[in-house]
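# Summary of structural features
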Amino acid sequence: MPEKHTFGVHPITCHSFNADRSQVAIAPNNNEVHIYKKVGGKWEKDQVLSEHSQRVTSVDWAPESNRIVTCGTDRNAYVWVLQGSEWKPTLVILRINRAATCVRWSPKEDKFAVASGARLISVCYFNQENDWWESKHIKKPIRSTVTSLDWHANNVLLAAGSTDFKARVFSAYIKEIDPKPEATAWGKKMTFGNMMYEGGNGGWVHGVSFSESGNKLAWVSHNSAVHVVNAEQDKTVAEIKTEYLPFLACSWISETNLVVVGHDCNPLLFTNDGQENIAFVKKLDGASGAGKQSETKSAMNMFKDMDKRGTTDTSGTKQDTVHQNAITEISIYAGTKGKAIKYCTSGVDGNLVIWTV
Amino acid sequence: MAKSTRSTKFRKVNVDDFDENRFRDDEQTDDAVTGPDEAEVNQYLLQKKNTDALHAVLRNPPVGSKNQATKDKAYALVLRVLSSFKASEVENAVKQLDKETVDILMKYLYKGFLTPTEKSSAILLTWHEKAVSSGGLGSIVRVLTDRKSV
């Protein structure tokens, strides 16, 4: 049974849990970030972080170092550190002249990447001498807004999806802080900003996800398609064009299984065996009498509706899925991307739902 | 103060063309793809082999072509084939098409919706209903998102 948590009427733009899942940071579609603490099974608002002047577009909570990074349409990013019981922000100069769309900590949490509408990715690392965060830009050959990011397990490679219809893998190797990376299936040369892979042929790329090993990259695009490229198999792309509405995010839950979420308000499961096939497995919100209330459809009500609203459709306006509106983000709640036990989705309906695999 | 010039030539210039950051599609004009084979389709229609005509006409859609005439000719041919089916046969015909072909059919249908005529609308709508039950909403989304139109 999926656990549903409601956080008000506003859409949840993005969410991020802390390491032990006792707290969650939520951006309720405005310039604030709300921190909720779990008290006896229910979520209670703990703090409101309001430093951004415009809408917050992305939040990421680093599990080990317990720092939160947020970014927004005000072209800024802030790193929040817990001092005592309060979160204190530090401004990061991204040097972008358009909105920031997505931010992700690297696996080692020593740097983070910010995707932006300025057609570039800003990779930020902490400069010890000057005691502030510095940024380096990945620009070529991105031709439009970067919408989504995902780090490879080796802390150097970064996948980026963009509205120029391409998903790419870049090297975000910072020589000041990274040791020389070993060659991976994506290539040997990893100078900063080097594009290791580029793929995609239709529709804005909304979400990208590396598998746990990092050898597979999945992305979902606006033409209702799911793609998987396997670096170990000569970078052949497996593609499936689906009959559903476009997807907005995706995440691997094992080395072969992928969950995608989007405008259909229903998480879908796909499987890829590493070769050229992606197959749809099932809708993960199958049963759901959970969403639909049993309205006693008496004949009286039906005629009443026909009279008042001129409709014979007695199903009402409730969706029969748990989420009542598009799902915008998916994260692993328990387990890892290689073996997930639970995953969490948040959406435009203001709900956060935790699903068991 | 600067004297205002009477010249209004600037109003004829499309400033967006000169924006260096402007996104340009990969310009591959695929003039080799000249649309469905008219002779073949006509033959099938004469022999009353409607389903074969359908498969033939939905092959080689002129998506990459910049030639408007080719595209108009292709569409006219498609419309002829679609009209040759009886309303009850449409469902079976659509069932026999594979996913890619359903997407191509959708593209033609929406192209037809752009310039409706008296007779075409009803036919297009019948086909649209069956195509949606086969390709789902995703096939409609792909018509809208594909940069290359038929």
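Located above this text is the structure these notes cover.
All figures in this text were calculated on a predicted structure; none of them were measured in a lab. (Residues numbered from 1 in each chain as written. Chains lettered and ligands numbered in written order. Predicted model: local features only at pLDDT ≥ 70, side-chain atom pairs only at ≥ 80, totals over all residues. Heavy atoms only, no water.)

Where nonpolar side chains cluster on the molecular surface, the patch consists of A:Leu91, A:Ile93 and A:Trp132 and spans about 280 Å² of accessible area. Looking at where A:Trp132 falls in the secondary structure, it is placed in strand S13 (residues 132-138). (Patch = residues over 30% accessible without salt bridge, like charges linked within 9 Å, V, L, I, M, F, W, Y side chains within 5 Å. Areas by Shrake-Rupley, 256 points an atom, 1.4 Å probe, with all protein chains shown as cover. Salt bridge = Lys/Arg side-chain N within 4 Å of Asp/Glu carboxyl O. Helix = DSSP H or I, 4+ residues; strand = E, 2+ residues; numbered from the N terminus.)

All names here are of chain A. Take Gly 199: it is sitting in strand S17 (residues 195-199). Here Gly 199 falls in the buried class, since its relative accessible area comes to 7%. Considering only alpha carbons, one finds Gly 199 and Lys 166, 33 residues apart in sequence, at a separation of 5.4 Å. Excluding its chain neighbours within four sequence positions, the residues that come into contact with Gly 199 are Phe 165, Lys 166, Ala 167 and Trp 219. (Buried < 20%, exposed > 50% of the residue type's maximum accessible area, 1.4 Å probe, protein only. Contact = heavy atoms within 4.5 Å.)

Before going further, it helps to examine the interface of chain B and chain A. With 17 residues of chain B at the interface, the matching set in chain A holds 14 residues. Contact between chain B and chain A buries roughly 1,200 Å² in total, counting both sides, with carbon and sulfur atoms accounting for 54%. Counting the surface chain B buries against chain A, the share from its top three residues, B:Phe23, B:Arg142 and B:Thr145, is 39%. Inspection of the region where chain B meets chain A yields 5 residue pairs in polar contact (both at pLDDT 80 or more). Elements with a contribution of two residues or more to the side of chain B that touches chain A: helix H5 (99-114) and helix H6 (120-145) of chain B. Taken together, the residues that form the side of chain B that touches chain A break down as 3 nonpolar, 6 polar and 8 charged. (Buried area = accessible area lost by both parts, 1.4 Å probe. Polar contact = N/O pair within 3.5 Å; in protein donor to acceptor, adjacent residues only side chain to side chain. Nonpolar A, V, L, I, M, F, W, Y, C, P; charged D, E, K, R; others polar.)

This part covers H6(B). Between its first and last C-alpha atoms H6(B) spans 24 Å; for 26 residues at 1.5 Å apiece the expected length is 38 Å, and the helix comes up short by more than 12%. Within H6(B), the axis deviates most sharply at B:Gly135, by approximately 105°. (Expected span 1.5 Å × (residues − 1). Bend = angle between axes of the 7 residues up to and from the residue.)

Time to look at the sheet that holds strand S5 (residues 42-49) of chain A. Residue and element names in this part refer to chain A. Strand order in this open sheet of 4 strands is S2-S3-S4-S5, and the pairing throughout is antiparallel. With one partner strand each, in any of the chains shown, strand S2 (14-17) and S5 form the two edges of the open sheet. Shown here is a sheet whose adjacent strand axes are inclined to one another by a mean of 25°, direction ignored. Note that S2 and strand S3 (residues 23-27) share 4 bridges and pair antiparallel. Across the sheet, Ser 16 pairs through a bridge with Ala 25, a residue of S3. (Pairing = 2+ DSSP bridges. Axes fitted to C-alpha atoms, helices over the stretch in contact; angles between N-to-C directions.)

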